[in-house]
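This is what each chain is made of:
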Amino acid sequence: MNYDLVIIGSGPAGYVAAIKAGQTGLKTLVIDRKYIGGMCLNWGCIPTKSILESAKLFKRIKHGASEFGISGFDPDGLVFDWAQAVKRSKSIVQKLGRGIEYLWKKNGVEYLQAEARIVSPTEVEADNRIISAKNIIIATGSKPRQQNSFSDAMELEDFFSLEQLPEKPLLFGRGAIILEFAQFFSMLGKKPIIVSTGLPLIPKLDDYLEAYINKRLKKDKISIIPQEELGTIDGKLYHKDQPLDYDRAINCNLREAVLPDMNIELELRDGYIKTDEHYRSSVPGIYAAGDVNGISYLAHAASAQGVAIINHINGVVSEPQTNYPINIYSDPEIAQLGLTEAELKAAGREYQIKEMGLNANGKAMTEGASEGFIRLLFETKYRQVLGVQIVAANATDLISEAGVLLELEGTVYDLARTVHAHPTIAEVFMDVSQEGLD
Amino acid sequence: MNYVFKFPDIGEGLEEGKIIEWYVEKGQSISSGDALVKMETDKVVTDIPSPKSGIIVQRFGAIGDTVKVGNALVEIETEAGEATMASASEPAKANSTEAIDEKGFGVVGTIEVAGDGAYLPSSNEGIAIEQIVQTKSQKVLATPVARAMAKERGIDINLVTGTGPAGRVTSKDIEKHRSGSEAVGLVQTPKMQDAAPQTEHEFVPLTQIRKTIAKNMLRSKQNAAHMSVMDEIEVSELVTTRARINAKLQGTKLSYLPFIIKAISIALKKHPVLNAELDFDNERIIYKKSINIGLAMDTDDGLVVPVVRDADRKSLIQLADEIALFADKAKSRKLSLDDMRDGTFTITSYGSIGGYFAVPVINYPQSAIFGVGRISDKPVIKDNAVVPGKVMPISMSVDHRIVDGGEVARFLNFVLEMLAEPMLLLAYEGGER
């Protein structure tokens, strides 16, 4: 069996790279030990967003419907059907999985469900055979780091098989997922607690957004307990003389690389596969894309890297992408793109920040979603926008406008002169940029 | 009030001129219509008259300076009570419409409408210049910040190589361009100096006339669909007739050219598409009512094309006199813009210098040019016998976009018939049956 390219892992890095490879005529094989789509599709991005939507709708009906003029039901009698929420999420996952398979087939990509083992720089062993490959992409992703504070903690992978949701979940770890999970439980009326393995709670976020999150969690009555403040008395966990009250611990630890089985030695960096600017590992012909190279944990970053690798294999020169939006599907959503204030300071750039709340925006008010703001960070010389931060019910979509702006090196002038339709929440972009004019 | 007189657009498409001589001094009092300055333009050497009466406050430009159309020439303190058009004291920017609007001043007005047909090929330069302006104003793909940086650093962003998607110029490209151009400057300058003595090239700036010729030739070749036809015609009869007429004539003798002009003028009436131009933008053909024949003339400076107006209404002698006058003027560079505009068809008698067949370039936007080679003694067949003959080679180019091959052939047959039998000129003169 000879291939131009073997991709190990079928998550957002692997499957996108495979499609691009097929489109450009590379004979390509994808090997994944579990499900097509990887963590993102099967127990990450998509299913968590699906259950979060269920929870948001639940909360909205329970606490908001009467204000909108909807009555005739007992808000206290509302029941959250976890099994149905999971079923809904699974049907979405299935549909998307079939979509990927269809695209692979259409572009001539072959798929093998098996454990893969790299036996030489040009050979992969899977399904009891040796497969030759001119190039190999390792796209095996990551998983939450093992922890030993909670012996009974469950892994995210298993969360969707729970028959019943815990009432007092303890979320152990750090990162966007911990915020999303905490709010998920909170919206359903459960009492989550966060045991944070470090601060800030969400790495890479601007201090301003981190402060907003802390404020918001306080309002939601979700407490954050730093891990170092935990103590043990008689084998039981205590926080400030109070025993920790939880019925289920969930491991939301920061992630670590999942390395494939291999006979060869790849240079690592902090446990991740070390790569150069073209995502090449230390062994010629072997690339690493997505979480496994430690550059980013974002699915869209992984996909972009996958495409960049195929371009590199095909000798197509492409500028590396650096502007990945960080999206958090909290309530309300949070999105960040480009440089943070701390990064601007560190770079010694002269900058200005303009912020505008959504509370005066008509569309936001009608939707009952006026919590939040848009924040622009721009350098003062040309007023080029270098960073955008959004808190809004639809922040994760609003950020895309900022994406185009940053990609095209746009300025506040360009944003200010762009007509935004009325009424929209995006109008706030125009309004805040007008504040940033001379 | 002070009036700044700007170098007017004295012919379509004229861009600049060189100051040859100043006729006025600072402080001098002048009247409207007085000559201010002698300018060499890409068409002619001409005097620019003052549009106002008053006192010269300031002169702009020294002898030898090139002045762009729209740039200030003089500032005049106009007499009280006289209407002033503008009091702008700043030097005018190029492309001023004010100057163009200045009709009503006799000579300026005349010059203003002049301009076409000065050189071969020539005319409507305005079209070409409009195109150039459009090309320049077309926005190069660039990010907003790249534009701002280029502007600030005085970099022409059109010259920067963009490395972004679809060649977009990014801020990085501007950074690179700056350092790049500095490097080029350092490396290339000494190279040029080194190279010069070895290769002994001479660098001569283009004269206005050469610039115009080059531009017009290129424009013709780029725009017209050239198609050429060549033929030979036995003209013993014409040779004899001409000799007989010249024997009787006092003063100017006839060359062959008046006969050719005459024959062509008669044929153009029957084939008006050869006396027309294609107005492609407006999707129409413009048929010219007058028959104004341009005559390509070789001068030391370059090619010029004076125009014999209403050639169809002039006698052979009148044509001969006019040709002689133009030849004199061309030699002494005294042709006026008026002498060279409004041509509708062009004849080039290259044979007077040498050459048998040629592929003449159309005097765009005219639709045809007729070339005459040198008449030679050649054996011809007459009444089944090879006899000595006088053979005139002709070469004609037409714009195939509007002139079809059949039309040219019929036109040529008619012209050549008249040249072979010059008495037919009498028969067809003034109209056919």
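Residues numbered from 1 in each chain as written. Chains lettered and ligands numbered in written order. Predicted model: local features only at pLDDT ≥ 70, side-chain atom pairs only at ≥ 80, totals over all residues. Heavy atoms only, no water.

Thoughts on the overall build of chain B
In terms of regular secondary structure, chain B is built from 12 helices and 18 strands. Expressed as a percentage of the 433 residues in chain B, the buried residues total 46%. Put simply, of all contacts in chain B between residues at least 6 apart along the chain, 65% involve residues at least 24 apart. Surface accessibility of chain B: about 22,100 Å² in total, with carbon and sulfur atoms responsible for 53%. (Helix = DSSP H or I, 4+ residues; strand = E, 2+ residues; numbered from the N terminus. Buried < 20%, exposed > 50% of the residue type's maximum accessible area, 1.4 Å probe, protein only. Contact = heavy atoms within 4.5 Å. Areas by Shrake-Rupley, 256 points an atom, 1.4 Å probe, with all protein chains shown as cover.)

A closer look at the confidence of the model for chain B
Residues and elements named next belong to chain B. Mean pLDDT over chain B: 79, with 79% of residues reaching 70 or higher. The model gives residues 81-137 a pLDDT under 50, and that stretch makes 140 contacts with residues more than four places away or in other chains. Per-residue pLDDT stays below 50 along residues 181-197; that stretch engages in 3 contacts with residues further than four places along the chain or on separate chains. (pLDDT = per-residue confidence, 0-100.)

So, the packing of helix α3 (residues 45-64) of chain A against helix α6 (residues 176-187) of chain A
Residues and elements named next belong to chain A. One can describe the packing of α3 onto α6 by two numbers: an axis separation of 9 Å at closest approach and a directional angle of 35 degrees. In terms of crossing hand, the pair formed by α3 and α6 is left-handed. Contacts from Thr48, Lys49, Ile51, Leu52, Ala55, Lys56, Phe58 and Lys59 of α3 reach α6 at Ile177, Glu180, Phe181, Phe184 and Met187. (Axes fitted to C-alpha atoms, helices over the stretch in contact; angles between N-to-C directions. Left-handed = near helix turned anticlockwise from the far one by under 90°.)

Comments concerning the interface of chain B and chain A
Residue-level contacts link 12 residues of chain B with 9 residues of chain A. Linking chain B to chain A there are 1 salt bridge. Between Lys381 of chain A and Glu152 of chain B there is a salt bridge whose closest N-O contact spans 3.4 Å. Run the count over chain B and chain A and you get 5 residue pairs in polar contact (both at pLDDT 80 or more). Sorting the residues of the side of chain B that touches chain A by element identifies α4 (144-153) and α5 (171-199) of chain B as the ones contributing at least two each. (Salt bridge = Lys/Arg side-chain N within 4 Å of Asp/Glu carboxyl O. Polar contact = N/O pair within 3.5 Å; in protein donor to acceptor, adjacent residues only side chain to side chain.)

Thoughts on the side chain of Ser10 of chain A
Residue and element names in this part refer to chain A. Tracing the backbone through its elements, the reader meets Ser10 in the loop between β1 (2-8) and α1 (12-23). Engagement of the side chain of Ser10 in a polar contact is seen with the side chain of Asp32, the distance being 2.7 Å. A polar side-chain atom of Ser10 sits 3.2 Å from the main-chain carbonyl oxygen of Tyr35. Filtering out sequence-adjacent residues up to four positions away, Ser10 remains in contact with Tyr15, Val30, Asp32, Tyr35, Ile36, Gly37, Gly38 and Trp104.

Quick look at the sheet that holds strand β5 (residues 45-49) of chain B
Residues and elements named next belong to chain B. Overall, antiparallel pairing links the 4 strands, which are arranged β5-β4-β2-β7 in an open sheet. Two strands close off the open sheet at either side, each with one partner strand: β5 and β7 (66-68). In this sheet, neighbouring strand axes are inclined to one another by 45 degrees on average, regardless of whether the strands run parallel or antiparallel. In terms of strand pairing, strand β2 (residues 16-22) meets β7 through 3 bridges, oriented antiparallel. (Pairing = 2+ DSSP bridges.)

Some remarks on the sheet that holds strand β23 (residues 351-357) of chain A
Residue and element names in this part refer to chain A. As summarised here, the arrangement of the 5 strands in space is β21-β22-β25-β24-β23, forming an open sheet in which the pairing is antiparallel. Edge positions in the sheet fall to β21 (326-328) and β23, since each of these pairs with one other strand and no more. Taken over all neighbouring pairs, the strand axes of this sheet differ in orientation by 5 degrees on average, direction set aside. Judged from the 6 bridges that link them, strand β24 (residues 373-379) and strand β25 (residues 385-392) form a sheet pairing that is antiparallel. Pairing of Phe373 across the sheet is with Val391, part of β25.

Focus: the pattern of salt bridges
Residue and element names in this part refer to chain A. On inspection of all chains with the given rule, the structure shows 44 salt bridges over all chains. Two residues, Lys134 and Asp4, come together in a salt bridge whose shortest N-O distance is 3.0 Å. Separated by 130 residues along the polypeptide, Lys134 in strand β6 (residues 129-138) and Asp4 in strand β1 bring together distant segments of the chain. For Lys134, a relative accessible area of 59% gives the class exposed. The residue Arg280 makes a salt bridge to Asp276 at a minimum N-O spacing of 2.8 Å. Among the residues examined, Asp276 registers a relative accessible area of 27% and is labelled partly exposed.

Some thoughts on the packing of aromatic side chains
Tallied over the entire structure, the rule returns 22 aromatic pairs over all chains. A ring pair is formed by Trp82 of chain A and Phe160 of chain A, whose centres lie 6.4 Å apart and whose planes are at 20 degrees; its orientation type is stacked. You can see Trp82 of chain A sitting in helix α4 (residues 82-106) and its partner Phe160 of chain A sitting in the loop between α5 (156-159) and β9 (169-173), a full 78 residues away along the chain. Side by side, Trp82 of chain A and Phe160 of chain A carry an identical accessibility label, which is buried. For the pair Phe184 of chain A and Phe185 of chain A, a centre-to-centre distance of 5.2 Å together with 70 degrees between the ring planes defines the contact as edge-to-face. Of the two residues examined, Phe184 of chain A and Phe185 of chain A, each falls in the buried class. Cluster of aromatic residues (ring-pair linked, three or more members): Phe58, Phe80, Trp82, Phe159, Phe160, Phe181, Phe184 and Phe185 of chain A. Lying over the aromatic face of Phe414 of chain B, Lys270 of chain B brings its terminal NZ or CZ to 4.7 Å of the ring centre. (Phe/Tyr/Trp six-rings, centres within 6.5 Å; stacked < 30°, edge-to-face > 60°. Lys NZ or Arg CZ within 6 Å of the ring centre and 35° of its normal.)

With respect to the pairing of strand β15 (residues 345-348) of chain B
Residues and elements named next belong to chain B. Burial along β15 is two-sided: Phe345 and Ile347 facing one way and Thr346 and Thr348 facing the other are all buried. Bridge count for strand β12 (residues 293-298) against β15 is 4 bridges, and the pairing is parallel. Bridging from a neighbouring strand, Leu295 pairs with Ile347 of β15. Where β15 and strand β16 (residues 368-372) come together, 3 bridges link them in parallel fashion. The residue bridging Ile347 from the neighbouring strand is Phe370, located in β16.

With respect to the pairing of strand β11 (residues 223-226) of chain A
Residues and elements named next belong to chain A. In the sheet, strand β10 (residues 193-196) pairs with β11 via 4 bridges, with the strands oriented parallel. Its bridge partner being in β11, Ile193 is matched across the sheet by Ser223. For the crossover from β10 across helix α7 (residues 207-219) to β11, the handedness is right-handed. (Right-handed = clockwise from strand over helix to strand, strands pointing away.)

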